[in-house]
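# Secondary and tertiary structure notes
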Amino acid sequence: MSALPYYNEASFTPQWFGSPADVPPGFHSIPNFTLTDQRGKRITEATFKDKIYVANFFFTACPGICPMTMGNMARLQSAFAEDDDILLLSHSVTPHQDSTAALQAFAQKMRSLEGKWHLVTGERAEIYTLGKEAYFAEEDLGEKGMQGKRNEAFLHTESFLLIGQNRRIRGVYNGMNTASVSQLIADIQMLKDEQKG
C-alpha cells in the first residue's frame, strides 16, 4: 500500500493504491503550465519533472494569513535546503500587482534559495484555473458578494499541497498550523522513500 493517499477532486477524499503503478491513467494530475518566477525565469511543469514539490497561493501585499503561511514555506525550505529533489512553488493571486521585481523583493525578504523556491506570476486566468481546477484551492471562495462575477472571485487559501511524481496530489495541509507543517515535513520524507522503492 502506498504510504500516502492520492486526491482526485475538491473534497480531498483520500484514495489508496498498492503502488504508483496502480494509479489509473486518467487519475487527476496537475496539468501543463507556463509561469514566470521572481528571477524572470520561465517555469513550467518540466521544472518539477521527477521532483516532489509543495504548492501554495499568496500575494506580496497580503497583511493577513500570508506572513504566517510564507513563513512556514520558509521553514520547509530550511528543512530541505540540501535536498535537490524537493522544490517549493508559490503562486501570486494578484499577478497584476506582483511583477517579477515585486516577487524578487519579497523573495529576498524570505531568503528564498535560487532554484529551490519559485515565487511565480503569470496570466491571471491561468493562475486561477490552476488554483481552482488543478489544486482545488477553495473553489468557491469569493463567490458571495461578487454578484456572480465568477472570474473575479479572489482566490486565497492557507492550504499547502504536496505534489508527488507524475504531478499527483498526495497531501493537503494547513499552512498556518505548526503541527500540520511538521506532518508535511514527515510526509515528504515518506513520499521520498516511496518513490525510491
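Relevant structure appears above.
These remarks concern the structure in this document. As the structure is a prediction and not an experimental result, all values here were calculated from the model. (Residues numbered from 1 in each chain as written. Predicted model: local features only at pLDDT ≥ 70, side-chain atom pairs only at ≥ 80, totals over all residues. Heavy atoms only, no water.)

## Considering the environment of Lys 116
Its location among the elements puts Lys 116 in the loop between α2 (100–110) and β5 (117–121). When its relative accessible area of 6% is taken as the criterion, Lys 116 is described as buried. Separated by 35 residues in the primary sequence, Lys 116 and Ala 81 place their C-alpha atoms 7.6 Å from one another. (Helix = DSSP H or I, 4+ residues; strand = E, 2+ residues; numbered from the N terminus. Buried < 20%, exposed > 50% of the residue type's maximum accessible area, 1.4 Å probe, protein only.)

## Focus on the pairing of strand β1 (residues 34–37)
Burial along β1 is one-sided: the face carrying Leu 35 and Asp 37 is buried and the face carrying Thr 34 and Thr 36 is not. Looking at chain direction, β1 and strand β2 (residues 42–44) are connected through 3 bridges and run antiparallel. Following the sheet pairing, Thr 36 is matched in β2 by Arg 42. Adjacent in sequence and paired antiparallel, β1 and β2 are bridged by 4 residues, among which Gly 40 carries a positive phi angle near 80 degrees. Where β1 and β5 come together, 2 bridges link them in antiparallel fashion. Pairing of Asp 37 across the sheet is with Val 120, part of β5. (Pairing = 2+ DSSP bridges.)

## A closer look at the sheet that holds β2
Pairing within the open sheet is mixed, and its 7 strands lie in the order β2-β1-β5-β4-β3-β6-β7. Edge positions in the sheet fall to β2 and β7 (169–174), since each of these pairs with one other strand and no more. Averaged over all neighbouring strand pairs, the angle between strand axes comes to 35 degrees, with direction disregarded. Along the sheet face, α2 touches β1, β3 (52–58), β4 (86–92) and β5 and points at about 155 degrees away from the line of β5. (Axes fitted to C-alpha atoms, helices over the stretch in contact; angles between N-to-C directions. Contact = heavy atoms within 4.5 Å.)

## A look at the pairing of β3
The side chains of a regular strand alternate, first on one face of the sheet and then on the other. Most of β3 sits inside the fold, with 7 of its 7 residues counted as buried. Alternating positions in β3 separate into two faces, Ile 52, Val 54, Asn 56 and Phe 58 on one and Tyr 53, Ala 55 and Phe 57 on the other, with burial throughout. With 7 bridges connecting them, β3 and β4 associate as parallel partners. Paired with Phe 58 across the two strands is Ser 92, which belongs to β4. Bridge count between β3 and strand β6 (residues 159–163): 3 bridges; the pairing is antiparallel. By the bridge assignment for β6, Ala 55 is matched with Leu 161.

## Some thoughts on the nonpolar core
Soluble globular proteins tend to pack their nonpolar side chains together in the buried interior. Among the nonpolar cores identified, the biggest contains 51 residues, and Ile 30, Tyr 53, Val 54, Met 70, Tyr 135 and Leu 162 are the most heavily contacted of them. Here the element with the most residues in this core is β3; it accounts for 6 residues. When neighbours within four sequence positions are excluded, Val 54 is seen to be in contact with Met 73, Leu 76, Leu 87, Leu 88, Leu 89, Phe 160, Leu 161, Leu 162, Leu 184 and Ile 188. (Core = buried A, V, L, I, M, F, W, Y, C linked by side-chain atoms within 4.5 Å.)

## Quick look at unusual backbone geometry
Its identity as a non-glycine residue notwithstanding, Asn 166 has a phi of 65 degrees, on the positive side. One can find Asn 166 in the loop between β6 and β7.

## Comments concerning the packing of aromatic side chains
For any pair of aromatic rings, the description rests on two quantities: the centre-to-centre distance and the angle between the ring planes. This structure, assessed with the given rule, holds 9 aromatic pairs. Each ring, one from Tyr 7 and one from Phe 12, has its centre 5.7 Å from the other, and the planes form 65 degrees; the classification is edge-to-face. Neither residue differs from the other here; Tyr 7 and Phe 12 are each classed as buried. Ring centres 5.4 Å apart and planes at 90 degrees place the aromatic pair Phe 17 and Phe 27 in the edge-to-face group. Of the two residues, Phe 17 sits in the segment before β1 while Phe 27 sits in the segment before β1, which places them 10 residues apart along the sequence. For the pair formed by Phe 17 and Phe 27, the shared burial category is buried. Here Arg 124 stacks its cationic end above the ring of Tyr 128, 4.3 Å away from the centre of that ring. (Phe/Tyr/Trp six-rings, centres within 6.5 Å; stacked < 30°, edge-to-face > 60°. Lys NZ or Arg CZ within 6 Å of the ring centre and 35° of its normal.)

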